[in-house]
Amino acid sequence: MLRAAFLDGVRTGLDLVTVESSLAFLDRDRSADGLQDPTAAALTLAEYLASIIGASALAILHYGSRAQGRVVRPDSAFDFFILVDRYGPAYRALATAVGARSRPRLAVALAWILPPNVVSVRQQGSFGEREAKCVIISKRHFQRECSTRARDQFVRGRLSQHIVRAWTRDAASAEEVGRWVREARDSSFDWLQAFLPAVFDVDQYCRSLLAVSIAHEIRLEARDHAETLFAAQRDTLRELYGPVLNRLAARGVLERDGEKYVQRHLPGALTRLRVHTRLRISKWRTTLRLLKHPFLYDGWLDYLLRKIERSTGEKIELTDRERRRPLIFLWPRAWRHLRRRPQLRR
């Protein structure tokens with residue numbers, strides 16, 4: 001089993017290296033794709049996840065608030081993409097490690113109907129307990145969702161931000177995954193141009209990218225969450241999307257005017273309709289994925305309550321009946337919360 005580690009055990013500007021018995025190193029400049037080094041906690045958890053998924057594991061990417069270095073509560077989960085060769089072996093290995101809750105047959109079926117699935121894995125140690133929220137996705141589906149053939153924004157919206165490569169099977173896998181992530185970011189203009197002004201700079205591009213992604217998902221955070229994300233990732237996003245815009249200018253899609261970029265051809269009515277339609281479909285698909293959580297995500301109800309409290313400051317106390325039969329009795333409360341969630345407040 002190959003694993004990711006630091007050359008000297010501490011965070012430096014060096015790339016993480018892939019360690020095999022021969023200690024073959026992979027050194028490269030991370031500024032090219034924004035795939036930063038993991039913290040010690042994320043690295044340990046990623047290695048644990050790779051060990052229980054087994055030979056099917058291809059790469060593990062760390063994203064979300066912990067990856068971005070934002071202030072989080074001690075009980076906040078670590079967010080990971082786990083790329084696998086095939087769903088069947090991955091879910092069977094997971095079931096062997098964490099128990100029948102993972103329901104491998106159901107998980108594989110749902111992964112093909114509406115990929116990807118999200119599952120919870122917990123690691124115990126001297127540090128206590130760490131929870132990993134794992135988006136398990138096949139190599140085939142990940143590659144498609146990073147391209148212009150993506151079915152929705154779930155994967156591209158998360159990859160457009162600060163991402164940490166926490167583990168890879170080997171150097172070839174690291175390069176392959178990095179190429180797909182860059183493709184996702186390079187194609188962002190295709191779905192973002194309809195929301196951009198005729199003239200914009202890198203910061204406006206990044207702010208629009210975050211705002212559009214968030215607006216087309218049901219979120220628990222406040223309407224200004226995009227600004228919070230931008231403030232936490234400003235330097236990384238500038239490094240990522242400055243080159244993206246420069247490449248668009250080199251291709252003649254944009255025109256460079258100092259620090260500004262000018263759209264040479266503004267999107268027409270049909271382009272706007274196409275983009276808005278695809279994003280509306282994306283929102284429906286992302287919402288439907290939430291319905292899989294009760295069947296696949298261990299402790300989904302407590303996770304949801306913590307998420308609501310962390311995002312809104314509102315502590316929700318469930319009745320005994322709601323806890324025993326949430327899929328039956330929790331709907332009225334869930335509907336009321338969705339209708340008055342902070343995302344909709346002006």
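Residues numbered from 1 in each chain as written. Predicted model: local features only at pLDDT ≥ 70, side-chain atom pairs only at ≥ 80, totals over all residues. Heavy atoms only, no water.

### Description of the environment of D302
For step 1, the next point in the chain: Looking at the element boundaries, D302 is found in helix α13 (residues 300-312).
For step 2, the next point in the chain: A relative accessible area of 37% places D302 in the partly exposed class.
For step 3, the next point in the chain: D302 sits 21 residues away from R323 along the chain, and the two C-alpha atoms are 9.7 Å apart.
For step 4, the next point in the chain: Looking at D302, its side chain comes within polar contact range of the side chain of R323, at 3.0 Å. (Helix = DSSP H or I, 4+ residues; strand = E, 2+ residues; numbered from the N terminus. Buried < 20%, exposed > 50% of the residue type's maximum accessible area, 1.4 Å probe, protein only. Polar contact = N/O pair within 3.5 Å; in protein donor to acceptor, adjacent residues only side chain to side chain.)

### Here's the deal with the packing of aromatic side chains
For step 1, the next point in the chain: In total, this model carries nine aromatic pairs according to the counting rule given.
For step 2, the next point in the chain: Ring plane angle 10° and centroid distance 6.5 Å describe the contact between F78 and F80, whose orientation is recorded as stacked. Just as F78 is buried, F80 falls in that class too.
For step 3, the next point in the chain: Against the face of F154 rests R158, its NZ or CZ located 4.0 Å from the ring centre. (Phe/Tyr/Trp six-rings, centres within 6.5 Å; stacked < 30°, edge-to-face > 60°. Lys NZ or Arg CZ within 6 Å of the ring centre and 35° of its normal.)

### Topic: the sheet that holds strand β11 (residues 260-263)
For step 1, the next point in the chain: Taken in spatial order, the three strands line up as β9-β11-β10 in an open sheet, and their pairing is antiparallel. In this open sheet, the two strands that pair with only one neighbour each are β9 (199-200) and β10 (254-257).
For step 2, the next point in the chain: Examined bridge by bridge, β10 and β11 share four bridges and lie antiparallel to one another. Bridging across to β11, E255 finds its partner in V262.
For step 3, the next point in the chain: Set on the sheet, helix α10 (residues 225-250) makes contact with β9, β10 and β11; between it and β10 the angle comes to about 115°. (Pairing = 2+ DSSP bridges. Contact = heavy atoms within 4.5 Å. Axes fitted to C-alpha atoms, helices over the stretch in contact; angles between N-to-C directions.)

### Digging into helix α9 (residues 202-215)
For step 1, the next point in the chain: For α9, with 14 residues, the first-to-last C-alpha span of 20 Å sits near the 20 Å given by 1.5 Å per residue.
For step 2, the next point in the chain: With 10 of 14 residues buried, α9 is to be regarded as a mostly interior element.
For step 3, the next point in the chain: Within the span of α9, buried status applies to V202, D203, Y205, C206, S208, L209, L210, V212, S213 and I214.
For step 4, the next point in the chain: Packing partners of the buried residues in α9 comprise α6 (154-159), α8 (188-192), β9, α10, β11 and α11 (269-290).
For step 5, the next point in the chain: With a side-chain oxygen positioned 3.3 Å from the backbone nitrogen of D203, the residue opening α9 is D201. (Expected span 1.5 Å × (residues − 1).)

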